[in-house]
Amino acid sequence: MFLNPEELLSQYNPVTGEMPGASMVKRHLSDLRGCFADTAAYDATMITGNPLLYSVGAVEPAGGDGDLHYGVGLLLPGKIGDEYYMTKGHLHAWRPAAEFYFGLTGDGVMLLEDEATGESRIVPLRPNDVVYVPGHTAHRTMNVGNTPLTYIGVYPAKAGHDYTTIAEKNFCCIVVERDGKPAMVERPD
Ligand code: PAN
Ligand code: ZN
């Protein structure tokens, strides 16, 4: 049975990220090996456990050319060293596919990196913020607040997710806390 987005969100559980009709993916710190620049902080946290970082409930009603898919993300607050908890990040397998993000709760930032030029920027993702992710743009989300960050991302059904390119070369920049605020800095070697 397919529920419309309004019905789905009304049944969305903002604590667990669970949503009827959605396929849930949960990502723990071990799933983000290589994403955090501070590997010492990563290893130190892994010794104490393998925390849940985020979940995504994906709704994929149909896969035709004109169809849309969407996911509701729940990204927990926390840091590894100075780096905020983040998503793995990806490019769309079909590179021209853009995406529309809408902030629901919490305080977040998106890191956007143009694949061709490497040009990077961060943009806020807070309640009612819209972030337009153009095609050919790697995107990653960070929770820069103290409460769960939730958001919805809507993308063409045929976008697909390419995680391999990011796993191989990572983002050029990282987002760290500096003087209590998020700052984008070049990834140290
Ligand atoms: C989002 C992401 C979600 C989780 O729905 O899938 O934020 O991030 P990762 O997929 O990088 O783990 C999206 O951008 N979909 O295309
Ligand atoms: Zn995406």
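Residues numbered from 1 in each chain as written. Chains lettered and ligands numbered in written order. Predicted model: local features only at pLDDT ≥ 70, side-chain atom pairs only at ≥ 80, totals over all residues. Heavy atoms only, no water.

Caption draft 1: Main features of the packing of aromatic side chains. Taken as a whole and judged by the stated rule, the model has one aromatic pair. Over the ring of Tyr163 we find Arg27, and its NZ or CZ is 5.7 Å from the ring centre. We note Lys88 situated over the ring of Tyr163; from NZ or CZ to the ring centre the distance is 5.2 Å. (Phe/Tyr/Trp six-rings, centres within 6.5 Å; stacked < 30°, edge-to-face > 60°. Lys NZ or Arg CZ within 6 Å of the ring centre and 35° of its normal.)

Caption draft 2: Structural detail: the sheet that holds strand S8 (residues 108–114). A sheet is described by the order of its strands in space; here three strands give the open sequence S9-S8-S11, paired in antiparallel fashion. Edge strands, defined here as strands with exactly one partner in the open sheet, are strand S9 (120–125) and strand S11 (137–143). Neighbour-to-neighbour, the strand axes of this sheet turn through a mean angle of 25 degrees, independent of strand direction. (Pairing = 2+ DSSP bridges. Helix = DSSP H or I, 4+ residues; strand = E, 2+ residues; numbered from the N terminus. Axes fitted to C-alpha atoms, helices over the stretch in contact; angles between N-to-C directions.)

Caption draft 3: Region of the structure containing the sheet that holds strand S3 (residues 68–75). The six strands are arranged S1-S2-S3-S12-S7-S10 in an open sheet whose pairing can be described as antiparallel. If you trace the sheet from one side to the other, it starts and ends with strand S1 (23–28) and strand S10 (130–133), each paired once. Between one strand and the next, the sheet's axes are offset by a mean angle of 20 degrees, whatever the strand orientation. Bridge analysis of strand S2 (residues 52–59) against S3 gives six bridges, and the strand direction is antiparallel. Looking at the pairing, Tyr54 lines up with Leu75 of S3.

Caption draft 4: The arrangement of the environment of Pro96 in detail. Among the secondary structure elements, Pro96 is positioned in the loop between strand S6 (91–92) and strand S7 (99–105). Each C-alpha atom, one on Pro96 and one on His136, is 5.7 Å from the other, the two residues being 40 residues apart in sequence. Setting aside residues no more than four positions away along its own chain, Pro96 makes contact with Gly135 and His136. (Contact = heavy atoms within 4.5 Å.)

Caption draft 5: Looking closely at the site of ligand 1. Near ligand 1, the surroundings consist of 14 residues, among which Tyr54, Tyr101, Tyr151, His161 and Tyr163 are the closest. A distance of 2.5 Å is found between an oxygen atom of ligand 1 and a side-chain nitrogen or oxygen belonging to Tyr54. Glu99 places a side-chain nitrogen or oxygen 2.8 Å from an oxygen atom of ligand 1. A total of 400 Å² of accessible area belongs to ligand 1 in isolation, and the protein chains cover 97% of it. Sorting the residues of the shell around ligand 1 by element identifies S2, S7 and strand S12 (149–156) as the ones contributing at least two each. Of the residues assigned to the shell around ligand 1, the class counts are six nonpolar, six polar and two charged. (Near = heavy atom within 4 Å. Polar contact = N/O pair within 3.5 Å; in protein donor to acceptor, adjacent residues only side chain to side chain. Areas by Shrake-Rupley, 256 points an atom, 1.4 Å probe, with all protein chains shown as cover. Nonpolar A, V, L, I, M, F, W, Y, C, P; charged D, E, K, R; others polar.)

Caption draft 6: Structural view of the pattern of salt bridges. Tallied over the entire structure, the rule returns eight salt bridges. With its nearest N and O atoms 3.6 Å apart, the salt bridge here joins Glu18 to Lys26. Given the relative accessible area of 38%, Lys26 is considered partly exposed. Linked through salt bridges whose partners overlap, the residues forming this network are Arg95, Glu115 and Asp162. (Salt bridge = Lys/Arg side-chain N within 4 Å of Asp/Glu carboxyl O. Buried < 20%, exposed > 50% of the residue type's maximum accessible area, 1.4 Å probe, protein only.)

Caption draft 7: Main features of the coordination of the zinc ion (ligand 2). Taken together, His90 (NE2), His92 (NE2), Glu99 (OE) and His139 (NE2) make up the protein donors of the zinc ion (ligand 2), found 2.1 to 2.3 Å from the metal. Geometry at the zinc ion (ligand 2) is octahedral, judged from its six donor atoms and the angles of 75 to 173 degrees they form at the metal. (Donors = N, O, S within 2.8 Å, 3.2 Å for Na, K, Ca; no water. Tetrahedral: all angles 85-135°; square planar, octahedral: opposite > 155°, others 65-115°.)

Caption draft 8: Expanded view of the nonpolar core. Phe36, Met110, Val131 and Met142 are the most contacted members of the largest nonpolar core, which has 32 residues in total. Of all the secondary structure elements, the ones that give two or more residues to this core are helix H2 (39–48), S2, S8, S9, S10, S11, S12 and strand S14 (173–178). In terms of residue count, S8 provides more of this core than any other element does, four residues in total. Leaving out residues up to four positions away in the same chain, Phe36 has contacts with Leu29, Tyr42, Leu53, Ile80, Glu83, Tyr84, Tyr85, Met86 and Arg187. By size, the runner-up hydrophobic cluster in this structure holds eight residues, among which are Tyr12, Met19, Val72 and Ile152. (Core = buried A, V, L, I, M, F, W, Y, C linked by side-chain atoms within 4.5 Å.)

Caption draft 9: View of unusual backbone geometry. If you check the backbone angles, Asn128 has positive phi at about 70 degrees while not being a glycine. With respect to the helices and strands, the residue Asn128 is situated in the loop between S9 and S10. One non-glycine residue, Asp179, lies in the positive phi region at around 50 degrees. Relative to the helices and strands, Asp179 is located in the loop between S14 and strand S15 (181–186). Taking relative accessible area as the criterion, Asp179 reaches 79% and is therefore assigned exposed.

Read these as geometric descriptors, not functional statements.
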